[in-house]
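These are the residues of each chain, in order.
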Amino acid sequence: MASATLAGPPEDCCTKTVQHVGEPKGTIEKIAGVETYITGPRQGDKIILFFADIFGPLYVNAQLVMDYWADNGWLVLGLDYFEGDSYAYHKDKEGFDVREWVEPKRVRAAELLPPWVEAVRAQYGADKKYVCVGYCFGAPYVMDHVKTDWIKAGAFAHPAFLTEDQFRAVKQPLLLSCAEVDHTFPLDARRRAEDILVEKKAKYYIQIFSSVSHGFATRCDPSIPMDVWAREESARGILNWFNNFCA
């Protein structure tokens, strides 16, 4: 029997964005044949695997978040599992069907991720301290990794495509950064996820930001002070979470 869904597929909230202003500091290089945004110190021992929302890791908003963690001592790697065809290139197309577009992207991401992760560990060292973070579309890939032994911790914000069984499989510390207004991961689903984590005696931390909506952690409106604070506090909380388990 299929596991109950807790976070559904992308809704309209997943397609809304305000482009942020800033100059990305990283580079785009290929790992396992996949374009990857790379930012931060190459000689360190702490590495964040970044799994983007449907706008992809090459969207400036995502790059600025990754740069924030890089400025705080982490090497951050964000693979473009959309292969140059993220939703960012379709957002202004009238009538574009994001649900039809996203399904083959999920299939392709599942194909690209294992060899990419293997190549990352071969290139940077399997003995490094790895953590992972995902936004919306990227959240399931966090859940895939926090059930392994080699990831130190994981985090996601406003997720999509999650089931109860994924929470039951959690082995590593998990942070959930959540919006009060989220039709993709609504209140009852969030509380059910927490119940499962409690039952498992998992290590977890849940952030809930009042008044903000799905997408706040990467795509908020900079003109709304509460949204900006929530975005910054989410990134800061994730940084502190990872630092705690990778001291």
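Before going into details, it helps to say that this report is about the structure given with it. (Residues numbered from 1 in each chain as written. Predicted model: local features only at pLDDT ≥ 70, side-chain atom pairs only at ≥ 80, totals over all residues. Heavy atoms only, no water.)

Focus: the overall build of the chain
Working step 1: The helix and strand tally for the chain stands at seven helices and 10 strands.
Working step 2: The C-alpha radius of gyration of the chain comes to 17 Å, within 12% of the 18 Å expected for a compact globule of 247 residues.
Working step 3: In terms of principal-axis extent, the alpha carbons of the chain reach across some 45 × 40 × 40 Å.
Working step 4: Here the chain holds 247 residues, and 54% of them are scored as buried.
Working step 5: The contacts in the chain between residues at least 6 apart in sequence include a share of 71% that link residues at least 24 apart. (Helix = DSSP H or I, 4+ residues; strand = E, 2+ residues; numbered from the N terminus. Rg over C-alpha atoms; globule rule 2.2 N^0.38 Å. Buried < 20%, exposed > 50% of the residue type's maximum accessible area, 1.4 Å probe, protein only. Contact = heavy atoms within 4.5 Å.)

Description of the environment of G138
Working step 1: In this fold, G138 is placed in the loop between β6 (129–135) and α3 (139–145).
Working step 2: What makes G138 buried here is its relative accessible area of 0%.
Working step 3: For the pair G138 and Y81, spaced 57 residues apart in sequence, the C-alpha to C-alpha distance is 9.8 Å.
Working step 4: Setting aside chain neighbours within four positions, we find G138 in contact with F51, A52 and Y81.

Let's talk about the side chain of R190
Working step 1: The residue R190 is located in helix α5 (residues 187–200) in this model.
Working step 2: Of the side chains bearing the opposite charge, E194 lies closest to the buried R190, which forms no salt bridge; the N-O distance is 6.3 Å.
Working step 3: Not counting the four nearest positions on each side in its chain, R190 is found in contact with C178, A179, F185 and I208. (Lys, Arg positive; Asp, Glu negative; His and termini not counted. Salt bridge = Lys/Arg side-chain N within 4 Å of Asp/Glu carboxyl O.)

Focus on a nonpolar patch on the surface
Working step 1: A grouping of I224, M226 and W229 is seen on the molecular surface, where their side chains present a nonpolar patch of about 260 Å² in accessible area.
Working step 2: Relative to the assigned elements, M226 resides in helix α7 (residues 225–245). (Patch = residues over 30% accessible without salt bridge, like charges linked within 9 Å, V, L, I, M, F, W, Y side chains within 5 Å. Areas by Shrake-Rupley, 256 points an atom, 1.4 Å probe, with all protein chains shown as cover.)

Observations regarding empty space enclosed by the protein
Working step 1: Tallying each qualifying case throughout the model produces one cavity of 30 Å³ or more.
Working step 2: Considering only enclosed or pocket space, the largest cavity measures out at about 40 Å³ in volume.
Working step 3: Lining the largest cavity, in full, are F50, A52, D53, F55, G56, Y59, N61, A62, Y135, T218 and R219.
Working step 4: At the level of secondary structure, the elements contributing two or more residues to the lining of the largest cavity comprise α1 (60–71) and α6 (216–219). (1 Å grid on protein atoms, 1.4 Å probe; cavity = no way out; pocket = protein on both sides within 12 Å on 5 of 7 lines; lining within 4 Å. Points joined across faces, edges and corners; volume = space filled by probe spheres on them.)

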